[in-house]
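Below, each chain spelled out in residue letters.
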Amino acid sequence: MQSTDLGNKESGKLWHRKPSPAARDGIIVNIIHSTSDYLPKVLRFLNVAFDSSGDCLIAGDHQGNIYVFDLYGNRFNLVQRTAQACTALAFNLRRKSEFLVALADYSIKCFDTVTKELVSWMRGHESSVFSISVHASGRYAITTSSDTAQLWDLDTFQRKRKLNILQSVGIQKVFFLPLSNTILSCFKDNSIFAWECDTLSCRYQLPAPPESSSILYKVFAVTRDGRILAAGGKSNHLHLWCLEAKQLFRIIQMPTKVRAIRHLEFLPDSFDAGSNQVLGVLSQDGIMRFVNIQTCKLLFEIGSLDEGISSSVISPHGRYIASIMENGSLNIYSVQALTQEINKPPPPLVKVIEDLPKSKLNSGGLKIKVTTGRVQRPAKSRENKIQTRILKQDLAGSFENKENELSDGLNKKRLQVLLKGYGEYPMKYRMFIWRSLLQLPENHTAFSSLEDKGVHVAFLNLQKKYPIKSGKLLRVLQRTLSALAHWSAIFSDTPYLPLLAFPFVKLFQNNQLICFEVVATLIINWCQHWFEYFPNPPINILSMIENVLAFHDKDLLQHFIDHDITSQLYAWPLLETVFSEVLTREEWLKLFDNVFSNHPSFLLMTVVAYNICSRAPLLNCSLKDDFEYFFHHRNNLDISVVIREVYHLMDTTPTDIHPNSMLHVFVALTKGQYPVFNQYPKFIVDYQTQERERIRIDELDYLRERQMVEDMQAEVDQQRVEDEAWYQKQELLRKAEETRRELLLQEEEKMIQQRQRLASVKRELKVKEMHLQDATRRRFLKLQQDQREMELRRLDDEIERKNLIRNQEAVAKEMREDANAFRRKVDLEEHMFHKLIETDQTQNQKTQEWEEAKEKDFHLKSEKKASALADASRKWFLEKEINDALEHAEHLYSKAVPSYPNGQVASSGAPRTSQLDDISEMDSSTCISLNQRRIQWDTMERDLVERVRNLRQRLTVQARNRRQPPHLLATQRA
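All figures in this text were calculated on a predicted structure; none of them were measured in a lab.

With that settled, the discussion passes to the pattern of salt bridges. Evaluated as defined, the whole model comprises 27 salt bridges. Where Asp717 meets Arg720, a salt bridge forms, and the shortest distance between an N and an O atom there is 2.9 Å. Here Asp717 and its partner Arg720 are both found in helix α20 (residues 682-841), three residues apart, which amounts to about one turn of the helix. Relative accessible area serves as the criterion here: at 24%, Asp717 is assigned to the partly exposed category.

When pLDDT is averaged along the chain, the result is 80; 80% of the residues meet or exceed 70. Taken together, the stretch residues 896-923 has pLDDT below 50 and engages in eleven contacts with residues farther than four places along the chain or on a different chain. In the model, residues 966-974 has pLDDT below 50 throughout and makes five contacts with residues more than four positions away in sequence or in other chains.

As summarised here, the arrangement of the four strands in space is β8-β9-β10-β11, forming an open sheet in which the pairing is antiparallel. The open sheet terminates on both sides in strands that have one partner only, identified here as β8 (86-90) and β11 (118-122). The sheet shows a mean angle of 20 degrees between the axes of neighbouring strands, taken without regard to direction. Pairing of β8 with strand β9 (residues 98-103), which is carried by four bridges, proceeds in the antiparallel orientation. Among the inter-strand pairings, Ala88 is bridged to a residue of β9, identified as Ala102.

Attention now goes to the pairing of β9. β9 sits mainly inside the fold: six of its six residues count as buried. Residues Glu98, Leu100 and Ala102 point to one face of β9 and Phe99, Val101 and Leu103 to the other, with burial holding for every one of them. Relative to strand β10 (residues 108-112), β9 runs antiparallel, the two sharing five bridges. Residue Leu100 lies in a different strand from β10, and its bridge partner there is Cys110. Between the antiparallel neighbours β9 and β10 lie four residues, among them Tyr106 with a positive phi of about 70 degrees.

What follows concerns the environment of Pro617. Relative to the helices and strands, Pro617 resides in helix α17 (residues 615-619). Residues Pro617 and Phe630 lie 13 residues apart in sequence; the distance between their C-alpha atoms is 9.0 Å.

This paragraph deals with the sheet that holds strand β15 (residues 158-164). If you trace the four strands from one edge of the open sheet to the other, you get β12-β13-β14-β15, paired in antiparallel fashion. Either end of the sheet is taken by a strand with one partner, and the two such strands are β12 (129-134) and β15. Going from strand to strand, the sheet's axes swing by 20 degrees on average, the running direction of each strand aside. Looking at chain direction, β12 and strand β13 (residues 140-145) are connected through five bridges and run antiparallel. The residue bridging Val134 from the neighbouring strand is Ala141, located in β13.

Glancing now at the packing of aromatic side chains. Applying the stated criterion across every chain, the model contains 37 aromatic pairs. Here the aromatic rings of Trp434 and Phe508 are separated by 6.4 Å at their centres, their planes lie at 50 degrees, and the arrangement is tilted. Of this pair, Trp434 sits in helix α5 (residues 430-438) while Phe508 is found in the loop between α9 (497-507) and α10 (512-526), placing the two residues 74 residues apart along the sequence. What makes Phe508 buried here is its relative accessible area of 3%. A connected cluster of aromatic rings, assembled from ring pairs, spans Phe447, Trp487, Phe491, Tyr496, Phe516, Trp530, Phe531, Trp572, Tyr674 and Phe677. Over the ring of Phe175 we find Lys173, and its NZ or CZ is 5.1 Å from the ring centre. Looking at Lys246, its charged tip hangs above the ring of Tyr204, at a distance of 4.8 Å from the centre.

Conventions adopted
Residues numbered from 1 in each chain as written. Predicted model: local features only at pLDDT ≥ 70, side-chain atom pairs only at ≥ 80, totals over all residues. Heavy atoms only, no water. Salt bridge = Lys/Arg side-chain N within 4 Å of Asp/Glu carboxyl O. Helix = DSSP H or I, 4+ residues; strand = E, 2+ residues; numbered from the N terminus. Buried < 20%, exposed > 50% of the residue type's maximum accessible area, 1.4 Å probe, protein only. pLDDT = per-residue confidence, 0-100. Contact = heavy atoms within 4.5 Å. Pairing = 2+ DSSP bridges. Axes fitted to C-alpha atoms, helices over the stretch in contact; angles between N-to-C directions. Phe/Tyr/Trp six-rings, centres within 6.5 Å; stacked < 30°, edge-to-face > 60°. Lys NZ or Arg CZ within 6 Å of the ring centre and 35° of its normal.

As structure tokens, then:
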């Protein structure tokens, strides 16, 4: 087993020597991806997927590195770094170089493996995507997560539909059935529905499994023909459903070691027409067991308890198995090596003698155990005893039966009876029957040795002569023809070999070994004596056809002779293309069902029958071009009629002209090594080989001489070009020198003119400099004068400011002294006024008003003490008013209280009362007048305070202006 470490390489070889997988493990190569850090670690592979050809696969690890492995070209390439783990992959899209990858951020991206660029980015899932299923056409894809499944159009990368379900139910898997437009959805409650892809209408629902073997389905697999569904889960039972009948038809019990099934996948076979018989079952122990679902026989297994398998994918053609191991590495298995022991002749078939009635098809009757040794037979029952007897065979027919017995338990006579009854073999079993009829040995080793020799020189430029659209088909055709040429030298010179092999290559393009052996068997048996007149067409074979045609249809042959149409025109085109140009695929398959089931002369008789059945249109042809067109294009002809005519010719042709007498019977290829094919004129082939070698040598010599002449001519041309270039360069140098001389003269003249201009400019600058110095000196003197004047003004302003401050201080001092004197005087006046009021209050109640007036007056005076300019006016006014009030009060008091000479006061009651009332009235009027005067005083006082504030503001502005520079002062004045 070879092991390859990808490391930090982005590309390289998968193996450095040809792999030879052993039959016991079948491993071609083990691929690991480890880092080269200080502490190296292995990057685990998570998902793997094959492309539609089966020769390439992609794999992604948990760091998002995605590699493409080309098993045919022995190369690997790093195509993308997604920087996050991939959860699902798909590589079978319509555009072969594109692939889908589901990432850990729930998105799906499409990349191109060639350009390594992002093609599209699809979002819409809210949980991890664990499955991507692509339609057979490659146009649609279904991505599945635990809560939803979404249908995408891969042409526009737009979401078409979305399947939403209840969270309690959950989705197990949603996928396309192969080669159909049906979508199968499997849910966690074991319900399985089939939907139409275009309309998304429900086609059917599978019934619930029997209760005796009810398991929760976890994994599913479908055969390539879409007829059988395998389901498994946490059990060792496998349920096989027939999707056509929509019922469970078999329950397979795996060995007791199997407790749970983790993955299911059918193993494709080129000869089963899609009805796969081998199922791979990956269980919880990491071992994948492959079981035949018909015989329930365990065929082989991969993986072990020490090296368990985590997941596996099988290539579409069934040649490789890619398994991700539990240790994170990737194993590539060869199915051919694993099935080497199985491909031996099978044991005798078990004939079904009696079918159970439908009423007895319960779960117990469906259950079959998997065995490893022989075919499982039902136990004998006393109730259903079947009597059998042994029939003696006669000795006469034993040899014939032995001759008609084919491999795989088939009988040629019975197949011929079946073929005559139905006209063709069932499409499902056609490849299997062909392989049995031709008795292919499947010599893998011998074919590998031929294949290892590479592409033959004769077919290196095959695509130029046969431009096939499919690159894969062209490669398979090239390999098959190369293998035939390596097998026998004549096939490298056979011009019609590609035409002969192409229909078989197209039919068996997924299995090159079978394709080679089918073509080789055809050449050995049905192309007998074709190469005796090489390189000319087989004249002897064409003569046989002409003799048979002359016997059965002389008129048609005479018509050919009359128009100079030979057998090389009406027979050889059909033979060298084996009727592939004149028949459709279905007609060709039907014809070769009969060709391979009969004597090799059947093919020659088919040429005669084709001409006889086309008698009417051929008799109407008269031009050679019309005949050529007829035998190289499809015609309106029923192949069934042709085949019946062939059987009629085989039975009615006389023995002397019948090809049976000239062709030997069928001979199969030998087992192990292919037989030597030398049925051709060896001297001609050798001569042609020698001539070809001589021509090749002459051609090489000619090419060598021509190359020398071309080299010499190239040298001469190069020398001539160099000489011309040198002369041109010299001419350019001369012209450049003259140009430079002219430029130098012009530059000298310009220099003289510039010097003259420079001298005049210097003089002008000198004059300007003198004027500038004079102006600068005058400006400097004026600036000094201005500075002195400014200094004087500043000193004047400073003196004026100091005088103003001194005057303000004197005025303020005077005002403060006046205010203090006024304050003392006011205090005295208030004291006297209070005494007067107190005397009045003891008289009557009205004297209280005076006290309130006195308090208000005192309050107002205390607030107005800061007023300096109103002191003088208020002093004079207050003195005058108080004196008038005192005089008036004394005057009233003197009138109210008359004095007597002896100083006694009158004590009569009534008159004194009236006098007191008069005094009270007079006091009230006096108080009112005093209040009015006080209001006037307050108003005058407020006016005086406002005037003082305005005066202070003007003084402050004047002082600030004296401190500012003169130019700012001038600006303010302006």
